[in-house]
Amino acid sequence: MSARLAAAAVFALLAGTALAQDVPGAEQLPPVASPLPPAPDKTPRATVMRADYRYDDLLWENDRTAHRIYGHALEAAEPPSGSGIDSWGKNVGWPYMDRQLRSGDQHAYHGEGLDFYNVGSGRGAGGLGIWFDNKLWTSRNYRRYRILKNGPDAADFEVDYAPWPVDVGRKVWETRRFTLPLGTHFTRMVSTLRSDKPGGLLVGIGIGKRTTGDGGALTVDRARGLLSWWGPGDAHHGRMAIALRVDPAMIAEIRQDADNHLVLLRVMPGKPFVYYSGSAWNLGEGGFRSRAAWDRYAAGETLDFRPPR
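The protein chain has the name DUF4861 domain-containing protein in an unreviewed UniProt entry, where Sphingomonas naasensis is given as its organism.

So this is what it looks like as structure tokens:
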């Protein structure tokens, strides 16, 4: 057994779970329910937009991966909406999320991608919270946004999260920048947390455990700052793969709560830190047809953890 797989097995044993093995899932694309309206341009590009027609969802995608976070208006419409990160599968190089969302049937396969990832109240594909008193304290949906660049080579934007409580003695708030260039499955995130009290924070960054059903396999490589999840297979929609990469020097602990696999980082208020969230659909762009292939990619990417000056 390799050192990396041994470490992952030890982590799973300590956490009280068994690492799931690959199980049969869809090996071909689902049937097309109905085609989307044709894309106006099939040139691969990175893009970000606010879906003001759908509770201010923020959508961003490139030629390989697609994501969404939720606006404040959704909190009342679809509780318990929260600040986790949604991930969609895609099997085309051009943008499709807006047309998929406008179809009125976003969870069906219309020929360009599929939304079957269920964030719920968990962290989804790389949302965060503050770990305190053996609990993850999380924000609600984003309150303000600023699009810095809408393609064609990168999607780049910032959001603000309003202050949220950490137990009864402290409040924190966050500004986070998201940058997704062409040609990668990883979104770079620069988080700046602030607080009404001094002192360091333990930040928990998570991968939701049951976003596509029960099961899935987790690989942990602390030396590379990697948590890599290979989701359970389903005959109707395949599986999703999620990965987090963090600066190994910042890691305090790797653990889990009821909803998430978590990596805990030591962070100081007012000091930006960088982490990355990646995702792929096993039937989509990137060609990841096995857990081993996804783990190799996620561990092998050269990433820059230096915060901007």
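Enquirer: Give a detailed account of helix α4 (residues 291-300), specifying residues and quantitative values.
Expert: Of all 10 residues in α4, seven are buried; the element is thus mostly enclosed. For α4, every residue scored as buried is listed here: Arg291, Ala293, Trp294, Asp295, Tyr297, Ala298 and Ala299.

Enquirer: Account for the pairing of strand β18 (residues 273-281), with residues named and values stated.
Expert: Buried residues dominate β18, accounting for nine of its nine residues. With burial as the criterion, each face of β18 is covered, one bearing Phe273, Tyr275, Ser277, Ser279 and Trp281 and the other bearing Val274, Tyr276, Gly278 and Ala280. Pairing of strand β11 (residues 186-195) with β18 involves six bridges; the strand directions are antiparallel. Within the sheet, the bridge partner assigned to threonine 187 lies in β18 and is serine 277.

Enquirer: Outline the sheet that holds strand β6 (residues 125-132), listing residues and values.
Expert: Across the sheet, five strands lie side by side as β7-β6-β12-β17-β16; this open sheet has antiparallel pairing. Of all the strands in the sheet, just β7 (135-137) and β16 (251-256) have a single pairing partner and so form its edges. Each strand axis lies, on average, 35° off the axis of its neighbour in the sheet, ignoring direction. Bridging between β6 and strand β12 (residues 201-208) involves four bridges; their strand directions are antiparallel. Its bridge partner being in β12, leucine 128 is matched across the sheet by isoleucine 205.

The rules behind each value
Residues numbered from 1 in each chain as written. Predicted model: local features only at pLDDT ≥ 70, side-chain atom pairs only at ≥ 80, totals over all residues. Heavy atoms only, no water. Buried < 20%, exposed > 50% of the residue type's maximum accessible area, 1.4 Å probe, protein only. Helix = DSSP H or I, 4+ residues; strand = E, 2+ residues; numbered from the N terminus. Pairing = 2+ DSSP bridges. Axes fitted to C-alpha atoms, helices over the stretch in contact; angles between N-to-C directions.

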